[in-house]
Amino acid sequence: MGVLPVPAEVCAILLDIEGTTTPIAFVQETLFPYIKDNVKEYLRAHWEEEECQRDVGLLRKQAQEDSSLDGAVPIPLESGSGEEELERVIQAVVDNVHWQMSMDRKTTALKQLQGHMWRAAYATGLVKGEIFEDVVPAIRKWREAGMKVYIYSSGSIEAQKLLFSYSTEGDILELFDGHFDTKIGPKVESESYRRIAASIGCATNNILFLTDVPREANAAEEADTHVAVVIRPGNAGLTDDEKSYYSLISSFTELFLPSST
């Protein structure tokens with residue numbers, strides 16, 4: 001793929017996580033299975049805590065909104081105080097979480113609970129965020145050249161910060177100037193990139209977005225954001241048309257900054 005020159009007007013680099021900074025396998029084979037395997041135990045252990053009750057409240061509200069969807073799992077209110085009643089409600093939450101994950105939902109309610117569960121897992125050393133080895137050296141060079149670096153991921157901002165705080169490269173959170181999640185808008189809608197630009201305080205064409213997903217790349221392009229599609233081991237394949245249309249990189253080291261000459 002060689003070298004990809006970064007347009008001179010770019011002053012901010014916006015990074016996807018899954019398949020871009022981090023192997024898809026880490027998310028699919030470590031993070032998500034941890035949630036599925038441990039959600040019931042986590043709810044039992046933390047049920048009485050205010051944070052957990054807020055998470056369950058959000059999930060219950062989402063379940064009501066999803067009630068017309070095929071296979072949706074309702075979450076009832078507790079109608080008594082017995083152990084059996086508590087177990088019934090917890091099981092409903094577990095079933096709802098499993099259903100949302102099976103549908104690859106990106107709801108704020110689901111992401112919030114996942115983020116809180118991952119926080120506990122990272123803090124106890126059960127999980128470490130995997131980072132491709134070219135990522136940290138490249139970001140340091142970009143920052144030395146005056147670039148701002150931001151993250152935009154479907155995962156909650158809290159989950160993003162945990163991944164980079166407890167990573168295989170150590171705590172690298174300081175390398176990022178800010179974080180965006182789907183609260184700013186879906187990654188496949190062009191308006192999201194306009195909102196990010198406004199939040200950063202620049203024009204959309206001052207941003208270069210790196211992602212492994214052509215639909216996201218297309219949405220960013222519609223907002224006049226520069227785009228490169230990242231090819232990593234385990235990523236979904238691209239069509240011949242996508243390969244010929246998009247700028248492609250397989251490593252962050254392939255980006256050439258004009259200011260680095």
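Residues numbered from 1 in each chain as written. Predicted model: local features only at pLDDT ≥ 70, side-chain atom pairs only at ≥ 80, totals over all residues. Heavy atoms only, no water.

Moving on, we get to the domain arrangement of the chain. One frequently used descriptor of interface size is the decrease in accessible area upon assembly of the parts. Each domain of the chain was delimited in the assignment, giving domain 1 (4-22 + 129-256) and domain 2 (28-124). Domain 1 puts twelve residues into the contact, and the matching count from domain 2 is ten residues. Taking both sides of the interface into account, the surface hidden between domain 1 and domain 2 amounts to around 980 Å²; carbon and sulfur atoms contribute 59%. Of all residues in domain 1, the largest losses of buried area upon contact with domain 2 belong to E158, L162 and Y166, amounting jointly to 39% of the total for that side. Our count for the contact surface shared by domain 1 and domain 2 stands at one salt bridge. The shortest N-O distance in the salt bridge between R119 and E158 comes to 3.1 Å. (Domains from an automatic or database assignment. Contact = heavy atoms within 4.5 Å. Buried area = accessible area lost by both parts, 1.4 Å probe. Salt bridge = Lys/Arg side-chain N within 4 Å of Asp/Glu carboxyl O.)

To continue, consider the packing of helix α2 (residues 50-65) against helix α3 (residues 83-102). Contact pair α2 / α3: the axes reach a minimum separation of 11 Å and the direction vectors enclose 65°. For α2 against α3, the interelement crossing comes out left-handed. Packed against α2, whose contacting residues are V56, L59, R60, Q62 and A63, the element α3 presents V89, V93, N96, V97 and Q100 at the interface. A per-class count over the contact of α2 with α3 returns six nonpolar, three polar and one charged. (Axes fitted to C-alpha atoms, helices over the stretch in contact; angles between N-to-C directions. Helix = DSSP H or I, 4+ residues; strand = E, 2+ residues; numbered from the N terminus. Left-handed = near helix turned anticlockwise from the far one by under 90°. Nonpolar A, V, L, I, M, F, W, Y, C, P; charged D, E, K, R; others polar.)

What the rule picks out here adds up to nine aromatic pairs. Here Y122 and Y166 contribute two aromatic rings whose centre-to-centre distance is 5.9 Å and whose plane-to-plane angle is 15°, an arrangement assigned as stacked. Residue Y122 is found in helix α4 (residues 108-123), and its partner Y166 is found in the loop between α6 (157-165) and β4 (178-180); the two are separated by 44 residues along the sequence. On the numbers, 6.1 Å between centres and 45° between planes, the contact of Y150 with F180 is tilted. With a gap of 30 residues between them, Y150 in strand β3 (residues 148-152) and F180 in strand β4 connect regions that are remote in the sequence. Neither residue differs from the other here; Y150 and F180 are each classed as buried. Cation over ring: K187 sits above Y152, and NZ or CZ is 5.7 Å from the ring centre. One Lys or Arg, R232, reaches over the ring of F252 and ends 5.1 Å from the middle of that ring. (Phe/Tyr/Trp six-rings, centres within 6.5 Å; stacked < 30°, edge-to-face > 60°. Buried < 20%, exposed > 50% of the residue type's maximum accessible area, 1.4 Å probe, protein only. Lys NZ or Arg CZ within 6 Å of the ring centre and 35° of its normal.)

Now for the pattern of salt bridges. Evaluation of the coordinates by the stated rule reveals 14 salt bridges. Between D177 and K148 there is a salt bridge, with its nearest N and O atoms 3.9 Å apart. Residue D177 is located in the loop between α6 and β4, and its partner K148 is located in strand β3; the two are separated by 29 residues in the primary sequence. Given a relative accessible area of 31%, D177 falls into the partly exposed group. Look at K148 and you get partly exposed, because its relative accessible area is 42%.

For the structure shown, the criterion picks out zero disulfides. A disulfide-free cysteine, C11 has its sulfur positioned 5.0 Å from the sulfur of C202, the nearest such atom. Among the residues examined, C11 registers a relative accessible area of 35% and is labelled partly exposed. (Disulfide = S-S within 2.5 Å.)

In this model, the largest pocket occupies a volume close to 600 Å³. The wall of the largest pocket is formed by 27 residues, among which E18, K106, S154, G155 and K187 lie closest to the centre. Among the elements of the structure, α1 (24-46), α4, α6 and α8 (214-222) are those that each provide at least two residues to the lining of the largest pocket. Counting residues per element, the lining of the largest pocket draws most heavily on α1, which supplies five residues. Across the lining of the largest pocket, the residue classes tally to twelve nonpolar, six polar and nine charged. Each of domain 1 (4-22 + 129-256) and domain 2 (28-124) gives at least three residues to the lining of the largest pocket. Estimates place the volume of the second largest pocket at around 190 Å³. Lining the second largest pocket are eleven residues, and of these A138, K141, W142, T253 and L255 sit closest to its centre. Going through the elements one at a time, α5 (135-144) and β8 (255-256) are the ones with two or more residues in the lining of the second largest pocket. In terms of residue count, the dominant contributor to the lining of the second largest pocket is α5 (four residues). Looking at the lining of the second largest pocket, its residues break down into eight nonpolar, two polar and one charged. (1 Å grid on protein atoms, 1.4 Å probe; cavity = no way out; pocket = protein on both sides within 12 Å on 5 of 7 lines; lining within 4 Å. Points joined across faces, edges and corners; volume = space filled by probe spheres on them.)

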